[in-house]
Every structure is written in C-alpha cells, then in structure tokens.
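Summary of the model geometry
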Amino acid sequence: MCSASPSNVGAVICGRKCYDDSIPYWDENGPTGPLKLPLFVVTHRPLLASHSTGIYHAAGSIPDAVKQAKSAAEGKDVSLMGGADVFRQALAGGLVDEIELHIVPVLFGAGTRLFDTMSNQITLEPTSMLDTPLARHIAYRIVK
C-alpha cells in the first residue's frame, strides 16, 4: 500500500487527527501540493466544508479507505501518512506492503507509539535508506 517512490503514488490515506492537525499547512492543492492527489480521511465525522475541492474524501474504515484509494490511484501506489492507529489497523489487516520510516533527531517523550500493540512478529526486508541533514529515511518491504 505504501510507496517509496513519490512519483508512483496515486492516492493518500490518513486518519482524522492527522487531517485536522495538517490543514493549516496545506494550500488549496491539499497534502500533495501541485500533484493534487486525492486524500481519503478515515473518519466518522464530516470533513471541513472549506475543503470540498474534490481532493478530500471521507471513509468510514481502513478497508473502505483502501478500496476507494486504490480505485482513485488508477494502478499507482496508495500511501498511508500519519496516524498510528490508522497505520496499526492497516498493518493488522494485511493491507501494508511497505513501511517507510522517517527518523528525525528529536525525541518527543510522549505520543502514540507506532508499534506498541502488535500481537505478531512481522519480518521486514530493507529496500532503501537515505541520510539527509534533517532525517534518515528507511524503507522496508513486508515479507509475506
């Protein structure tokens, strides 16, 4: 579901908190800038009316969001951004093919732990790593 190559992403999924927290940083093009990729927000509440540009879509569940996003992506990858709970649900449902971790040199000390509630072991195979001055970007393929 997740892609290491941004140029091959056709749609994006996020949770409601990520959506609400990110709105001040997005322009009229949404989270993907000029690419204007459709964003599927997993939520049970209506999205803000000011973002009714056709970019933002509400989905009631992870499987529903994945189904809608795959259709909208037209053969391209679907990227899941932000939201530990949404990610854990997608991972538990077997809907994640690749994991990208972006490690920045800041320790928060609080927040939702990404892998805190995993009940089974998942084997990962590294596919890429990139060091930049601001972060280390690592991608893993999930071995199924």
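Here's what I pulled together on the structure shown here. Predicted model only: the values in this text are computed from it and were never measured. (Residues numbered from 1 in each chain as written. Predicted model: local features only at pLDDT ≥ 70, side-chain atom pairs only at ≥ 80, totals over all residues. Heavy atoms only, no water.)

1. Quick notes on helix H2 (residues 62-73)
Along an α-helix, residues three or four apart share an orientation, since each turn contains 3.6 residues. Helix length check: H2, at twelve residues, gives a terminal C-alpha distance of 16 Å against a target of 16 Å (1.5 Å per residue), a fit within 8%. Those residues of H2 that fall on the buried side of the exposure criterion are Ile62, Ala65, Val66, Ala69 and Ala73. The buried residues of H2 occupy an angular sector of 95° when the element is viewed end-on, so they sit on one face. Residues of H2 that are exposed and angled more than 90 degrees away from the buried face: Pro63, Lys67 and Ser71. Here the buried face of H2 lies against strand E1 (9-15), strand E2 (39-42), strand E3 (56-59), strand E4 (77-80) and helix H3 (84-92). (Helix = DSSP H or I, 4+ residues; strand = E, 2+ residues; numbered from the N terminus. Expected span 1.5 Å × (residues − 1). Buried < 20%, exposed > 50% of the residue type's maximum accessible area, 1.4 Å probe, protein only. Arc of directions from axis to C-beta. Contact = heavy atoms within 4.5 Å.)

2. Digging into the sheet that holds E3
Backbone hydrogen bonds are what pair the strands of a sheet, in a parallel or an antiparallel way. Overall, parallel pairing links the four strands, which are arranged E3-E2-E1-E4 in an open sheet. Edge strands, defined here as strands with exactly one partner in the open sheet, are E3 and E4. In this sheet, adjacent strand axes meet at a mean angle of 25° when their direction is disregarded. Inspection of the sheet shows E1 paired to E2 by four bridges, in the parallel sense. (Pairing = 2+ DSSP bridges. Axes fitted to C-alpha atoms, helices over the stretch in contact; angles between N-to-C directions.)

3. A closer look at the pattern of salt bridges
Summed over all chains, the structure comprises six salt bridges. As a salt-bridge pair, Asp21 and Lys17 come within 2.7 Å of each other at their nearest N and O atoms. One end of the pair, Asp21, and the other, Lys17, are both in helix H1 (residues 16-22), four residues apart, so they sit about a helical turn from each other. Among the residues examined, Lys17 registers a relative accessible area of 61% and is labelled exposed. (Salt bridge = Lys/Arg side-chain N within 4 Å of Asp/Glu carboxyl O.)

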